[in-house]
Amino acid sequence: MDLFEKESFPEIVRDGKIYAQVCLADEVYEGKGKQIRFPEDLDMQIALFRMQGNLYALENICPHRHADKIFDGVIRDMTVMCPLHGWTYEIDTGENIIKQQGVKSLRKYDVYEEDGKVWVEKPKTDVIPKWRK
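Residues numbered from 1 in each chain as written. Predicted model: local features only at pLDDT ≥ 70, side-chain atom pairs only at ≥ 80, totals over all residues. Heavy atoms only, no water.

Student: When you look at the overall build of the protein chain in this model, what are you seeing that I'm missing?
Tutor: A tally of regular secondary structure across the protein chain gives 0 helices and 11 strands. Within the protein chain, the fraction of its 133 residues that count as buried is 44%. Taking all contacts inside the protein chain whose residues are at least 6 apart in sequence as the whole, residues at least 24 apart take part in 45%. (Helix = DSSP H or I, 4+ residues; strand = E, 2+ residues; numbered from the N terminus. Buried < 20%, exposed > 50% of the residue type's maximum accessible area, 1.4 Å probe, protein only. Contact = heavy atoms within 4.5 Å.)

Student: I would appreciate a short explanation of unusual backbone geometry in the present structure.
Tutor: If a residue is not glycine, its phi is most likely negative; likewise, a peptide bond is most likely trans. At His66, a position not held by glycine, the phi torsion is positive, near 60°. Relative to the assigned elements, His66 resides in the loop between strand 5 (54–59) and strand 6 (74–76). One non-glycine residue, Asp115, lies in positive phi territory at about 50°. In this fold, Asp115 is placed in the loop between strand 10 (111–114) and strand 11 (117–121). Given the relative accessible area of 74%, Asp115 is considered exposed.

Student: Explain the nonpolar core here, please?
Tutor: Generally speaking, soluble globular proteins have nonpolar side chains that are buried together. One finds Val22, Phe38, Ile46, Leu48, Val118 and Val120 to be the most contacted residues of the largest nonpolar core, which totals 17 residues. At the level of elements, strand 2 (17–24), strand 4 (45–51), strand 5 and strand 11 are the ones that each hand at least two residues to this core. Of the residues forming this core, the biggest block, 3 residues, is contributed by strand 2. In this structure, Ala47, Cys62, Ile70 and Trp87 belong to the second largest nonpolar core, which totals 14 residues. (Core = buried A, V, L, I, M, F, W, Y, C linked by side-chain atoms within 4.5 Å.)

Student: Help me out: how do you make sense of the sheet that holds strand 7 (residues 79–81) in this one?
Tutor: The pairing of strands in a sheet comes from backbone hydrogen bonds and takes either a parallel or an antiparallel form. Within the open sheet, the 3 strands sit side by side as 6-7-8. Their pairing is antiparallel. This sheet does not close on itself; its edge strands, each paired only once, are strand 6 and strand 8 (88–90). Each adjacent strand pair in this sheet contributes to an overall mean axis angle of 25°, direction not counted. Relative to strand 8, strand 7 runs antiparallel, the two sharing 3 bridges. For Met81, the partnering residue across the bridge sits in strand 8 and is Thr88. (Pairing = 2+ DSSP bridges. Axes fitted to C-alpha atoms, helices over the stretch in contact; angles between N-to-C directions.)

Spelled out as structure tokens, the structure:
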């Protein structure tokens, strides 16, 4: 089923946060990113990464030019570089590592794997970029 055909992801509440089951664990490949779009709003996106066997979830929209390309970035060590303009972020924290480019970082989301499924902390609708409002 295509991401755009889904009306919503299955959700649970855990430790006071809402988590959505976004994909199967074997759909997230080591050293590659995967784009997750929430059906509520196209700017509610997450980039999933599997690095050294661990899962990481970051905001997928680069704050530089508002492009949804972080998942498709150049991955080196534990960083991902936006493929459009080179802004570079730590995969485990979302921090921008080249401060001359700007101080904006990517939001980091909790993620876990259970019974072959990937669960990600669901972004709140207030994360929709201010530039779009």
